[in-house]
Amino acid sequence: MARILLLSNGHGEDLSGALLAQELQQQGHNVQALPLVGLGSAYQTAGVPLLGRSHEFSTGGIGYTSLRGRLTEIAQGQVLYLLRRLVRLMRYRRRFDLILVVGDVIPVIAAWLSQRPVATYLVAYSSHYEGTLRLPWPCAALLKSRRFKAVYSRDQRTAEDLSRQLQRPVTFLGNPFMDSVLTAATPPPSSTPLISLLPGSRRPELEQNLQLLLRLIELLPNTVRCNVDLALVPSLDDDSLRQLGERCGWRLDNNGVLHRDGTLAINVRRGAFGAVLQGSDLVIGMAGTAIEQAVGLAKPVLQLPGQGPQFTAAFAEAQRRLLGPTVFCADGESGSREALEATAELAMALLDRARQDPGLQRQCQVEAQRRLGEAGGGPRMAAAISALLS
């Protein structure tokens, strides 16, 4: 079978790449990954070997970050690190029958430079942002090249738009990152509403986001009876969480529950991301791919923009354009008391509508299909890639 190299450039892209890699491995292909930024933890968890050692940066990669984040990238040496990754690609490119890009213009350029056959999953771009997708230079010209054997989009609207622009077929087969949550077992309905909190996955931004979420929960009315689940990644262990909670007036007990003043409680859920999303009535998030997954599950989402470097007000606004009208955000400056109070008020209104408003429920279902598609994107895309190699 074929030898395939995955090129990706971010946490969400690594997740999609790892899921695709697993599907390709099951079809007998020899797959390696070269994450252009970050540790590539998703690949390691999935058992996909990396081409060389990797390094983590605090901003999570070159992309949609604040000015502070971009300066941090430079100070931490991300640009030089990226160049070294490209050198590694050039050195080993002839080992591979196909380069599989998962991401945006950066891995597209890298794959084109490799002079190897390429398939591209443009998970980072969507026509839902502006109506007509404007690919950054020189992405469009490269995608028209004969080296690019197939182009896959993240939604049908983008597939139709890019097919016209590039004058070549661009196909939407679904999104691999949705498979794990769409195929999870649906929990039984509960009489008590459930809010899930998604603070993100990247430290130290994760801690900053979590502190904002704790302040938000403190502002919810005591008269409202609901459960709150916190979906937390392993990188923030219990000792770190306990210290953070104490600084904010919260206490973590031995059962994994955060308490405050004997009246507020948050259930800390680790390794149960899919179950948390499945059971939620409302998702309050400060994340990228995780919020996309929530929308794909037809859940209403309430954003809480932070200070960045990644989940800023600008990122949140772009995310609403991408994911549509079932993603909400209150007005106000990020992190301000006014913004938190407005977010708490909006959360209560959305929690009620999520259970009582058939119009919102139908809208969530429609947008889930329009924006993310159905389960099975990973196997379908892997099969299409295998067909390219036969």
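Here's a quick rundown of the structure. (Residues numbered from 1 in each chain as written. Predicted model: local features only at pLDDT ≥ 70, side-chain atom pairs only at ≥ 80, totals over all residues. Heavy atoms only, no water.)

From N to C terminus, the protein includes 16 helices and 14 strands. For 390 residues, the compact-globule estimate of 2.2 N^0.38 gives 21 Å, and the C-alpha radius of gyration of the protein, at 21 Å, lies within 12% of that figure. Reported as C-alpha extents along the three principal axes, the dimensions of the protein are approximately 65 × 45 × 35 Å. The burial tally for the protein puts 54% of its 390 residues in the buried class. In the protein, the share of contacts with a sequence separation of at least 24, taken over all contacts with a separation of at least 6, comes to 69%. Approximately 17,000 Å² of the protein is accessible, and the part contributed by carbon and sulfur atoms is 50%. Across the protein, the mean location of the 41 positive side-chain charges is 10 Å away from that of the 34 negative side-chain charges. (Helix = DSSP H or I, 4+ residues; strand = E, 2+ residues; numbered from the N terminus. Rg over C-alpha atoms; globule rule 2.2 N^0.38 Å. Buried < 20%, exposed > 50% of the residue type's maximum accessible area, 1.4 Å probe, protein only. Contact = heavy atoms within 4.5 Å. Areas by Shrake-Rupley, 256 points an atom, 1.4 Å probe, with all protein chains shown as cover. Lys, Arg positive; Asp, Glu negative; His and termini not counted. Charge placed at Lys NZ, Arg CZ, Asp CG, Glu CD.)

All right, on to the packing of aromatic side chains then. Taken as a whole, this structure holds 1 aromatic pair when the rule is applied. Their ring planes at 55 degrees and their centres at 5.5 Å tell us that phenylalanine 311 and phenylalanine 315 sit as a pair that is tilted. Residue phenylalanine 311 shares its accessibility class with phenylalanine 315, and that shared class is buried. Here arginine 147 stacks its cationic end above the ring of tryptophan 112, 4.6 Å away from the centre of that ring. (Phe/Tyr/Trp six-rings, centres within 6.5 Å; stacked < 30°, edge-to-face > 60°. Lys NZ or Arg CZ within 6 Å of the ring centre and 35° of its normal.)

Turning next to the sheet that holds strand β9 (residues 251–252). Here 8 strands make up an open sheet; going across it, the order is β9-β10-β11-β8-β7-β12-β13-β14 and the pairing mixed. Both edges of this open sheet fall to β9 and β14 (327–329), since each of them pairs with a single strand only. Taken together, the 4 bridges between strand β10 (residues 257–260) and strand β11 (residues 264–270) define a ladder with antiparallel strand orientation. Considered in β11, the bridge of arginine 260 is made with leucine 264. Packing of helix α12 (residues 289–296) onto the sheet brings it into contact with β7 (194–198), β12 (282–285), β13 (301–303) and β14, and relative to β13 it is tilted by some 155 degrees. (Pairing = 2+ DSSP bridges. Axes fitted to C-alpha atoms, helices over the stretch in contact; angles between N-to-C directions.)

Our next topic: the nonpolar core. Within the largest apolar cluster, 85 residues are counted, with the highest numbers of intra-cluster contacts made by Ile4, Leu6, Leu100, Leu197, Leu258, Ile266 and Ile284. Residue contributions to this core peak at 7 residues, all from helix α9 (residues 205–218). Residues Val118, Phe148, Val151 and Leu162 belong to the second largest nonpolar core, which totals 30 residues. (Core = buried A, V, L, I, M, F, W, Y, C linked by side-chain atoms within 4.5 Å.)

This paragraph deals with the side chain of aspartate 14. Within the fold, aspartate 14 resides in helix α1 (residues 11–26). No salt bridge is formed by the buried aspartate 14; the nearest opposite charge belongs to arginine 202, separated by 8.6 Å. (Salt bridge = Lys/Arg side-chain N within 4 Å of Asp/Glu carboxyl O.)

On to the pairing of β12. Because side chains alternate across β12, one face comprises the buried residues Leu282 and Ile284, and the other comprises Val283 and Gly285, equally buried. Where β7 meets β12, 4 bridges bridge the pair, whose relative direction is parallel. Across the sheet, residue leucine 197 finds its bridge partner in β12, namely isoleucine 284. Two elements, β12 and β13, share 3 bridges in a ladder whose sense is parallel. The residue bridging glycine 285 from the neighbouring strand is glutamine 303, located in β13. For the handedness criterion, the β-α-β arrangement of β12, α12 and β13 is classed as right-handed. (Right-handed = clockwise from strand over helix to strand, strands pointing away.)

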